[in-house]
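Listed below, chain by chain, are the residues.
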Amino acid sequence: MKLTIVGTGYVGLVTGACFAEMGNDVLCVDLDARKIERLRAGDLPIFEPGLKEIVLRNMTEGRLHFSADVREGVRFGTLQFIAVGTPPGEDGSADMQHVLAAARAIGCHMSDYKLVIDKSTVPVGTADAVREEIAAALAARGMQKIPFSVVSNPEFLKEGAAVEDFMRPDRIVVGVDDERAALLMRALYAPFQRQRDKLVLMDVRSAELTKYAANAMLATRISFMNEMALLAEKLGADIEQVRRGIGADARIGPRFLYAGCGYGGSCFPKDVKALLRSAADVGEPLHVLTAVERANERQKHVLVDRVLRRFGPDLGGLRFALWGLAFKPDTDDVREAPSLVVVRELAARGASIVAHDPEAMERAREALGELPAITYAESPTAALEQADALIVVTEWKTYRAPDFERVRELLRQPVVIDGRNLYEPELLRACGIEYHPLGRNAPAPVATPLALAA
Ligand code: NAD
């Protein structure tokens, strides 16, 4: 099939590359001409495991193309994916200007049937708005007879595992209200579901809400566990043991139960805000989700609170090593990352920060601007030299098993403040490190029967 992807960011590029990999002919369009130039030269503007190989292979084999020309994009694909950004507006609602601009462009340039697919995360009712925008643009050209369909096909990929998620989705949600569109969507996604039928067909509004409900549920689990961790700390319990205890319940399941220093990224914060706004607009306030957001705001400050508790309110002259800037591992995305809050707050109190991240240092530099308090280290160990404490913000694999003797030697004060509970408290204490995890004040568990027998 011939596909156009409007918006070549994290979602658009992965979508385009993965559909090309399945043999489709794909043109990825973006208004950002520099981004398109880089892509044409085989230089990816984002880091995502496995993506570069797929992009380069499909470019070489002639199935994946890039263009900054919107008209060319509209003419190219029978299927037009809208994958542009939907950032939060001032009142928290999703800013729809890019989605509607993309729809308008489609209406302005199309000359035959188009299936328009909303892949961006958009509030309920957006497909109707997109339909109206296209119809108005067609009418303005006197071409209202040209047929088109609009479907909702929200994306559930996770940054850091985007290619894997796209290629092997848990489910493919499609909101559709006409047969022709349903048929095309079935054919498009057939290669991704050879083992079992993953297509969840539903009405358009339910599909739009499904995406927000999924992210809101995941954010709820995170905030819930973060509050449990704070409580565990006060009560002398260990959140890691609690996590294992509840995760073994089939009704709860083990995933998304890790306490941490707050959720970030380009999706959860903005999608929670947008859903709260939509709900308020129709007079149906979401009390649980309101609390989820509030808890997360508090959680982003939890590491700095620990620093202040340990070092006092004036951090002048102190230096902190920071491991991890990306909002999660395996991505270079720092949008809404807890690391940014930590860096800014430490800097505001006079501290200096030496940060390391395997992929996100360039993005962090852009996001933080010229902040003299922060410098970037070549390696995790280089960041530690002469630092008064190590603060772990992102759980990259490379930080999971450091040489703790070396960590202690390099730090000026052997203090580790861990926002991701990466290490065993007993082990660090045995190495002479003062360890501050989240919610892990309990005594070590008793020896297992096996250990006793030995
Ligand atoms: P992004 O900011 O990385 O990319 C969006 C791109 O769209 C940019 O390159 C921008 O230049 C381009 N653009 C804007 N208006 C345009 C127009 N009119 N024509 C052509 N290009 C245009 O955003 P993203 O992270 O890929 O997210 C896109 C959408 O997908 C959002 O709604 C987001 O909520 C949703 N989503 C994101 C993820 C994720 O992990 N990033 C996951 C699922 C869903």
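Positions within a chain are numbered from 1, following the residues in the order the chain's sequence is written. pLDDT decides what is reported in this predicted model: residues at 70 or higher carry local features, side-chain atom pairs at 80 or more are listed and counted, and totals for whole chains, interfaces and linings draw on all residues regardless. Side-chain descriptors were evaluated using all non-hydrogen atoms of the structure, hydrogens and water having been removed beforehand.

A. Quick peek at the overall build of the protein. Think of it this way: any DSSP run of H or I at least four residues long counts as a helix, any run of E at least two long counts as a strand, and we number them from the N terminus. Counting its regular elements, the protein contains 19 helices and 14 strands. Radius of gyration means the value over C-alpha atoms here, while the globule rule gives 2.2 Å times the residue count to the 0.38 power. Its C-alpha atoms give the protein a radius of gyration of 24 Å, within 12% of the compact-globule value 22 Å for 454 residues. If you line up the protein on its principal axes, its C-alpha atoms span 75 × 45 × 45 Å. Contacts: residue pairs with any heavy atoms within 4.5 Å of one another. Sequence separation of 24 or more characterises 73% of the internal contacts of the protein that already satisfy a separation of 6 or more. Values of accessible area rely on a 1.4 Å probe in the Shrake-Rupley scheme; residue burial ignores everything except the protein chains shown. By element, 54% of the accessible surface of the protein is carried by carbon and sulfur atoms, the whole surface being about 20600 Å². Here the positive residues are Lys and Arg and the negative ones are Asp and Glu; neither His nor the chain ends is included. By convention, the charge on Lys lies at NZ, on Arg at CZ, on Asp at CG and on Glu at CD. The positive charge centre, built from 56 side chains, and the negative charge centre, built from 63, are 2 Å apart in the protein.

B. Region of the structure containing the layout of surface pockets. Within this model, the second largest pocket holds a volume of roughly 260 Å³. For the second largest pocket, the lining is made up of 13 residues, of which Leu230, Glu233, Lys234, Arg298 and Arg306 are closest to its centre. Elements that contribute at least two residues to the lining of the second largest pocket include exactly α9 (204–235), α12 (287–299) and α13 (302–311). Sorting elements by how many residues they give to the lining of the second largest pocket places α9 first, with six residues. Classification used: nonpolar for Ala, Val, Leu, Ile, Met, Phe, Trp, Tyr, Cys and Pro, charged for Asp, Glu, Lys and Arg, polar for all others including Gly. Here the residues of the lining of the second largest pocket sort into four nonpolar, two polar and seven charged. As defined here, a cavity is a set of points on a 1 Å grid over the protein atoms alone where a 1.4 Å probe fits but cannot get out. A pocket is an open set with protein on both sides within 12 Å along at least five of seven lines, and residues line them when an atom is within 4 Å of a point. Grid points are joined across faces, edges and corners, and a volume is the space filled by probe spheres set on the points.

C. The domain arrangement of the protein, seen in detail. Per the domain assignment, the segments making up the protein are domain 1 (2–202) and domain 2 (203–454). In this entry, domain limits derive from an automatic or database-based domain assignment. On a C-alpha basis, the centres of domain 1 and domain 2 stand 33 Å from each other. Across the contact, 36 residues belong to domain 1 and 29 residues belong to domain 2. Taking both sides of the interface into account, the surface hidden between domain 1 and domain 2 amounts to around 2500 Å²; carbon and sulfur atoms contribute 57%. Buried area is calculated as the accessible area (1.4 Å probe) missing from two parts once they are joined, with the contributions of both summed. When the buried area of domain 1 at its contact with domain 2 is split by residue, Phe47, Val124 and Glu159 rank highest and sum to 24% of it. A carboxyl oxygen of Asp or Glu within 4 Å of a side-chain nitrogen of Lys or Arg is what we treat as a salt bridge. For the pair domain 1 and domain 2, the number of links is two salt bridges. The partner of Arg335 in a salt bridge is Glu159, with the nearest N and O atoms 3.7 Å apart. Nitrogen and oxygen atoms within 3.5 Å of one another constitute a polar contact, given that in protein one can donate a hydrogen and the other can accept it, and given that sequence-neighbouring residues count only through two side-chain atoms. Counting across the interface, domain 1 meets domain 2 through twelve residue pairs in polar contact (both at pLDDT 80 or more).

D. Summary view of the site of the ligand. Only a single heavy atom is needed: when it lies within 4 Å of a molecule or strand, its residue is near that molecule or strand. Lining the immediate surroundings of the ligand are 23 residues, of which Asp30, Lys35, Thr86, Glu159 and Lys270 lie closest. Between an oxygen atom of the ligand and a main-chain N or O atom of Val11, the distance comes to 2.9 Å. Within the complex, the protein chains bury 88% of what would otherwise be the 840 Å² of accessible surface of the ligand. In the shell around the ligand, the residues fall into eight nonpolar, eight polar and seven charged. For the shell around the ligand, the two domains that each supply at least three residues are domain 1 (2–202) and domain 2 (203–454).

E. Layout of the packing of helix α5 (residues 97–109) against helix α6 (residues 126–140). In the contact formed by α5 and α6, the axes pass within 7 Å of each other and the chain directions differ by 35°. When you trace α5 past α6, the crossing you get is right-handed. Contact residues: Val99, Leu100, Ala103, Arg104, Ile106, Gly107 and Cys108 in α5; Thr126, Ala129, Val130, Glu133, Ile134, Ala137 and Leu138 in α6. Per-class residue counts for the contact of α5 with α6 are ten nonpolar, two polar and two charged. Angular values range over 0 to 180 degrees, each being the angle between N-to-C directions of two axes fitted as lines to C-alpha atoms, with helices fitted over their stretch in contact. By the definition used in this description, the sense in which the near helix is turned from the far one sets the handedness, with an anticlockwise turn below a right angle giving left-handed and a clockwise turn giving right-handed.

F. Molecular detail of the packing of aromatic side chains. Classification of ring pairs uses Phe, Tyr and Trp, with its six-membered ring standing for Trp, and accepts pairs whose centres are within 6.5 Å; under 30 degrees between planes counts as stacked, over 60 as edge-to-face, and the remaining range as tilted. Per the counting criterion, the structure on display carries twelve aromatic pairs. Site record: aromatic cluster; members linked through ring pairs are Phe19, Phe81, Phe166, Tyr189 and Phe192. Two conditions define a charge located above a ring, namely a distance within 6 Å from the ring centre to NZ of Lys or CZ of Arg, and an angle within 35 degrees of the ring normal. Across from the ring centre of Phe311, 4.9 Å away, lies the NZ or CZ of Arg310, which sits over that ring.

G. Highlighting the pairing of strand β8 (residues 199–202). One requirement defines pairing of two strands: DSSP has to find at least two bridges between them. Two elements, strand β7 (residues 172–175) and β8, share four bridges in a ladder whose sense is parallel. Counted as the bridge partner of Ile172 is Leu199 from β8. We call a crossover right-handed when, viewed with both strands directed away from the observer, the connection leading from the first strand over the helix to the second proceeds clockwise. Note that the unit made of β7, helix α8 (residues 179–189) and β8 has a crossover that is right-handed.

H. The packing of α9 against helix α11 (residues 268–281), seen in detail. Between α9 and α11, whose axes approach to 9 Å, the crossing angle comes to 115°. Note that α9 runs across α11; the crossing there is left-handed. Residue-level inspection shows Leu209, Lys211, Tyr212, Asn215, Ala216, Leu218, Ala219 and Ile222 of α9 in contact with α11, the latter providing Phe268, Asp271, Val272, Ala274 and Leu275. Per-class residue counts for the contact of α9 with α11 are ten nonpolar, one polar and two charged.

I. Fine view of the pattern of salt bridges. Under the definition given, this model contains 31 salt bridges. Its salt-bridge partner being Asp112, residue Lys114 comes within 3.4 Å of it at the nearest N-O pair. Using a relative accessible area of 42% as the deciding quantity, one classes Asp112 as partly exposed. Between Asp249 and Arg251 there is a salt bridge, with its nearest N and O atoms 2.8 Å apart. Note on Arg251: relative accessible area 77%, which makes it exposed. The structure contains a network of salt bridges with shared partners spanning Asp128, Arg131, Asp177 and Arg205. Relative accessibility decides the category of a residue: with a 1.4 Å probe and only protein chains considered, values under 20% of the type maximum give buried, values over 50% give exposed, and everything between is partly exposed.

J. Structural context of the sheet that holds strand β12 (residues 389–392). Spatial ordering of the open sheet is given by β11-β10-β9-β12-β13-β14, a layout of six strands whose pairing is parallel. Single-partner strands in this sheet number two, and they are β11 (374–376) and β14 (434–436). Taken pair by pair, the neighbouring strands of this sheet meet at an average axis angle of 20°, ignoring direction. Relative to the sheet, α13 contacts β9 (319–323), β12, β13 (415–418) and β14, its axis offset from that of β13 by approximately 155°.

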